[in-house]
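# Architecture and fold: a report
Given next are the chains, with one letter for each unit.
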Amino acid sequence: MLTIRILTSSDIPKINKIKKEFDIFRVVDTNQGKLEMVELFNKDGVFRGFGKDTKAAFKKAKRVLTNFYRNK
């Protein structure tokens, strides 16, 4: 079963800091079976992270986002 929800700062407190720093306008959490996926949306694209839970997936998506801007 596929579950999609929009994450807010009440779910993960670090979301507000990331939103301000990288101009993120949407953070989406997708759950399909045992796999969690977090997507960070901004003007340059969608940055995804996968993990066993939401926090791990968010951490990996954040790493993808920072690596993109570091190498740009």
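Relevant structure appears above.
Residues numbered from 1 in each chain as written. Predicted model: local features only at pLDDT ≥ 70, side-chain atom pairs only at ≥ 80, totals over all residues. Heavy atoms only, no water.

### Things to note about helix α2 (residues 54-70)
Rules: Helix and strand definitions here come from DSSP, where helices need a minimum of 4 consecutive H or I residues and strands a minimum of 2 consecutive E residues; each element is numbered from the N-terminal end. In this scheme, a helix's expected span is set at 1.5 Å multiplied by one less than its residue total. Only protein chains enter the accessibility calculation, which uses a 1.4 Å probe. A residue is then buried if its area is under 20% of the maximum for its type, exposed if over 50%, and partly exposed in between. The arc refers to the directions leading from the helix axis to the C-beta atoms. Here, two residues are considered to be in contact whenever any of their heavy atoms come within 4.5 Å of each other.
Spanning 17 residues, α2 covers 24 Å between terminal C-alpha atoms, matching the ideal 24 Å at 1.5 Å per step. Within the span of α2, buried status applies to T54, A57, F58, A61 and L65. Along the axis of α2, the buried positions cluster into a sector of 100°, meaning they face one direction only. Exposed residues on α2 whose side chains face more than 90 degrees from its buried face are K55, K59 and R70. Those residues of α2 hidden inside the fold are in contact with β1 (2-6), α1 (15-22), β2 (26-32), β3 (35-42) and β4 (45-51).

### Here's the deal with the packing of α1 against α2
Our working rule: In this analysis, axes come from line fits to C-alpha atoms, helices being fitted only over the stretch in contact, and the angle between any two N-to-C directions falls in the range 0 to 180 degrees. Comment on the angle field: the value is read as roughly parallel under 35 degrees, roughly antiparallel over 145, roughly perpendicular from 65 to 115, and oblique elsewhere. By convention, the crossing between two helices is left-handed when the near helix turns anticlockwise from the far helix through less than a right angle, and right-handed when the turn is clockwise. Residues are sorted three ways: Asp, Glu, Lys and Arg are charged, Ala, Val, Leu, Ile, Met, Phe, Trp, Tyr, Cys and Pro are nonpolar, and all the rest, Gly among them, are polar.
Look at α1 against α2: their axes get within 12 Å of each other, and the N-to-C directions meet at 20°. As summarised for this structure, α1 and α2 are arranged roughly parallel, according to the angle between their axes. The two elements α1 and α2 cross, and the hand of that crossing is left-handed. Along the contact surface, α1 presents I15, I18 and F22, while α2 presents F58, K62, L65, T66 and Y69. Grouping the amino acids of the contact of α1 with α2 by side-chain chemistry returns 6 nonpolar, 1 polar and 1 charged.

### Considerations on unusual backbone geometry
Even without glycine at this site, D23 takes up a positive phi of about 55°. Here D23 lies in the loop between α1 and β2. Residue classification places D23 among the partly exposed residues on the basis of a relative accessible area of 48%.

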